[in-house]
Amino acid sequence: MTENTVSNNMVASVHYKGTLPENGEVFDSSEGREPLTFLVGHKQMIPGFEEEIMGAKIGETREFTLSSDRAYGDRDNDAVMEIPREQFAQLEQEATLETGMQLVAQMPHGPSPFTITSLTDDTVTADFNHALAGQSLTFSVEIVELRAASEEELAHGHVHGPDGHHH
Ligand code: ZN
């Protein structure tokens, strides 16, 4: 019975903890929050995350480590750009730029988050890679709830409210 296990076109709710395998540092966790709910098989999650929980039952916990190609991909050196600091003049009236700061650029294809990796008087080096790109990631995932997706959810490709309808 596919209805009782994680499979494509199911709505899965999970509690999860993500850690870096080299030092155990927690980079994300649903602890103290509502479980994460998503439509399985619709590319809402990083690829390996779904693959590793396929077939799991409610109450089951799985632990796995994903190499970067199954997580956020490899780092792309072309995604690191030097931007003239004068473009930040307006922002700098309100905030102090610092290395490590995360900002969002308004790009033609939509908002793009980046991290400032270095600063000079003239330039800001902006890294548009995902902060976890190039990293192996370990997850512990507990399946909390499972239900079949509604027709409407399948048509939209995302999860609606608990009953499968828009609120
Ligand atoms: Zn919708």
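Owing to the predicted nature of the structure, the values given are computational and were not obtained by experimental measurement. (Residues numbered from 1 in each chain as written. Predicted model: local features only at pLDDT ≥ 70, side-chain atom pairs only at ≥ 80, totals over all residues. Heavy atoms only, no water.)

### Looking at the overall build of the chain
Of regular secondary structure, the chain possesses three helices and nine strands. When the elements of the chain are put in sequence order from the N terminus, they spell out β-β-β-α-β-β-α-β-β-β-β-α. Over its C-alpha atoms the chain spans a radius of gyration of 19 Å, topping by over 25% the 15 Å that the globule rule assigns to 167 residues. Overall, the C-alpha framework of the chain stretches about 60 × 40 × 30 Å when taken along its three principal axes. Intrachain contacts of the chain at a sequence separation of at least 6 include 61% that bridge at least 24 residues. (Helix = DSSP H or I, 4+ residues; strand = E, 2+ residues; numbered from the N terminus. Rg over C-alpha atoms; globule rule 2.2 N^0.38 Å. Contact = heavy atoms within 4.5 Å.)

### So, the domain arrangement of the chain
Considered domain by domain, the chain is made up of domain 1 (10–72 + 132–156) and domain 2 (77–127). The C-alpha-based centres of domain 1 and domain 2 are spaced at 31 Å. (Domains from an automatic or database assignment.)

### Re the pattern of salt bridges
Counted under the stated rule, the structure contains seven salt bridges. Of the charged contacts in the structure, one is a salt bridge between E60 and R62, with a shortest N-O distance of 2.9 Å. Judged by relative accessible area, which is 23%, R62 ranks as partly exposed. The residue D127 makes a salt bridge to R75 at a minimum N-O spacing of 3.0 Å. Placement of the pair is D127 in strand β8 (residues 123–127) and R75 in the loop between β4 (61–66) and β5 (80–84), with a sequence separation of 52 residues. (Salt bridge = Lys/Arg side-chain N within 4 Å of Asp/Glu carboxyl O. Buried < 20%, exposed > 50% of the residue type's maximum accessible area, 1.4 Å probe, protein only.)

### Quick word on the nonpolar core
In terms of nonpolar packing, the biggest core is built from 22 residues, with V14, F38, F49, I53, F139, V141 and I143 touching the most fellow members. Among the elements of the structure, β1 (10–19), α1 (47–53), β4 and β9 (137–148) are those that each provide at least two residues to this core. The element best represented in this core is β9, accounting for five residues. Beyond its immediate sequence surroundings of up to four residues, V141 is in contact with V14, H15, Y16, F49, I53, E60, T61, R62 and F64. L103, F114, A126 and F128 belong to the second-largest nonpolar core, a separate cluster that totals 11 residues. (Core = buried A, V, L, I, M, F, W, Y, C linked by side-chain atoms within 4.5 Å.)

### Here's the deal with the packing of aromatic side chains
One pass over the full model with this rule turns up eight aromatic pairs. Both rings, one in F38 and one in F49, keep their centres 6.1 Å apart while their planes meet at 70°; by these two values the pair is edge-to-face. On the criterion of sequence distance, the pair formed by F38 in strand β3 (residues 36–39) and F49 in helix α1 is long-range, its members being 11 residues apart. This pair shows no difference in class: F38 is buried, exactly as F49 is. (Phe/Tyr/Trp six-rings, centres within 6.5 Å; stacked < 30°, edge-to-face > 60°.)

### Describing the sheet that holds strand β6 (residues 102–107)
Two pairing modes exist for strands in a sheet, parallel and antiparallel, and in both the strands are linked by backbone hydrogen bonds. Here four strands make up an open sheet; going across it, the order is β5-β8-β7-β6 and the pairing antiparallel. Every interior strand has two partners, whereas the edge strands, β5 and β6, have only one. Neighbour to neighbour, the strand axes of the sheet diverge by 45° on average, direction disregarded. Examined bridge by bridge, strand β7 (residues 110–119) and β8 share four bridges and lie antiparallel to one another. If you follow S118 over to β8, its bridge partner there is T125. (Pairing = 2+ DSSP bridges. Axes fitted to C-alpha atoms, helices over the stretch in contact; angles between N-to-C directions.)

### Remarks on the side chain of T5
With respect to the helices and strands, T5 occurs in the segment before β1. Leave out the neighbours within four places in its chain, and T5 touches M10, G55, A56, K57 and L146.

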